[in-house]
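Listed below are the residues making up each chain.
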Amino acid sequence: MGTLLSYSGLSTKIRAMQSQLMTKKQYQEISQMESVSQIVAYLKKQPGFARLWADLDENALHRGDIEKLLTHTIHQNFAKVYKFANPSQRTFMDLYFKRYEIAIMKDCLRKVFDGSGEGLDLSIFKEFFDKHSRLNIDRLSGSATVEEFVNGLKGTEYYRPLSKISQEYKPLLFDYGMALDQYYFANIWSVKEKLFKKRDLEEIIKAYGNKFDMLNLQWIYRSKKYYHMAPADIYALLIPVRYKLSAKVTAALVEAPDETDFRRVLDTTAYKKRYPELTPDKLEEYYNRNLRNILESESRKYPHSVIMIYSYLYHKEHEVDCLTTAIECVRYGLSPAETMEYIQRN
């Protein structure tokens, strides 16, 4: 009863917010538009954007501005849910929030590695990050070198993992991104029993366990097929979490001499049993499908658990991905059918 009562108000709020997410019909309408400004004008009239974008001039916005505004709607909706959440629910949201910090850090690092010497304008996100984060995004976005960026992380949990790799070798952008992802994923798994109990813990284990397994499958396959990496180097990339992929199966995948052997081992996994059509080249597609199916089914079965929050945030982020894709397609003059095909791939 306590769990039901603690989630009842938040469940009602999230259901109302879910009802404002974009529908297939709305994406079809967007796909038929002739300009990006038309899309923005259209979104301004939709319930999920009307209040947030009411004062925008769609004719004065550049592509980069629109992408930031779309990303910021994720932050704004996160803040709405956070406001209604109780302390235990905010524990999950604080943990989840780190994905937004990592996205910002990757953007800043990408700018540094581009070597343009220009700062990254993240002012639209400042108020949100000042409230929820210890990152100094002004300092990070203004960094001209990797050393300056890493030093700007002193006093945060991200300083140690990034400073450590720079002491061992000369890392690339990819290395820093992987270090951030591995830290984030390992951190979630290591603290789950301390932070969550009963149903919430079960849902965290199921959702993230499946996510980490499927990411590891993708990373192993890509590393072998596209980069021809040695097994020792592939092991270093993997999330140090085992859910339904045992250490033995993981090793067999990493050390498979060719794609035929990789596929043979993949066919023995729980994920192949769940999705008989799964093949190595479809791992990314089924990663998205698997996570979406779990979040949707579990949130329906247990609407008074932490999975409901995770499910809503996932679908809001997915909406932004689809809208970003739609805008790019319209911008390049693709047909409505082609645009819908790209949207449906997300």
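Look a little higher up for the structure.
Basis of the calculations
Residues numbered from 1 in each chain as written. Predicted model: local features only at pLDDT ≥ 70, side-chain atom pairs only at ≥ 80, totals over all residues. Heavy atoms only, no water. Helix = DSSP H or I, 4+ residues; strand = E, 2+ residues; numbered from the N terminus. Expected span 1.5 Å × (residues − 1). Buried < 20%, exposed > 50% of the residue type's maximum accessible area, 1.4 Å probe, protein only. Contact = heavy atoms within 4.5 Å. 1 Å grid on protein atoms, 1.4 Å probe; cavity = no way out; pocket = protein on both sides within 12 Å on 5 of 7 lines; lining within 4 Å. Points joined across faces, edges and corners; volume = space filled by probe spheres on them. Nonpolar A, V, L, I, M, F, W, Y, C, P; charged D, E, K, R; others polar. Salt bridge = Lys/Arg side-chain N within 4 Å of Asp/Glu carboxyl O.

A. Spatial organisation of helix H17 (residues 283-301). In a regular helix each residue adds 1.5 Å, so 19 residues correspond to 27 Å; H17 covers 26 Å between its end C-alpha atoms and thus fits that length. Taken as a whole, H17 has its buried residues at Leu 283, Tyr 286, Tyr 287, Asn 288, Asn 290, Leu 291, Ile 294, Leu 295, Glu 298 and Ser 299. Against the buried residues of H17 lie helix H12 (198-225), helix H15 (259-266), helix H16 (270-274) and helix H18 (306-331).

B. Up close: the layout of surface pockets. A volume near 490 Å³ is recorded for the second largest pocket. Lining of the second largest pocket is provided by 19 residues; of these, Met 22, Arg 292, Glu 296, His 315 and His 318 occupy positions nearest its centre. Of all the secondary structure elements, the ones that give two or more residues to the lining of the second largest pocket are helix H2 (24-31), H17, H18 and helix H19 (336-345). Residue composition of the lining of the second largest pocket, grouped by class: six nonpolar, eight polar and five charged.

C. The arrangement of the pattern of salt bridges in detail. Summed over all chains, the structure comprises 23 salt bridges. Linking Glu 29 and Lys 25 is a salt bridge whose minimum nitrogen-to-oxygen distance equals 2.7 Å. Of the two residues, Glu 29 and Lys 25 are both situated in helix H2; the distance of four residues between them amounts to about one turn of the helix. One salt bridge connects Asp 181 with Lys 106, and the closest N-O pair in it is separated by 2.9 Å. Here Lys 106 lies in helix H6 (residues 87-114) and Asp 181 lies in helix H11 (residues 173-195), a separation of 75 residues in the sequence. Given the relative accessible area of 14%, Asp 181 is considered buried. Residue Lys 106 is classed as partly exposed on the basis of its relative accessible area of 22%.

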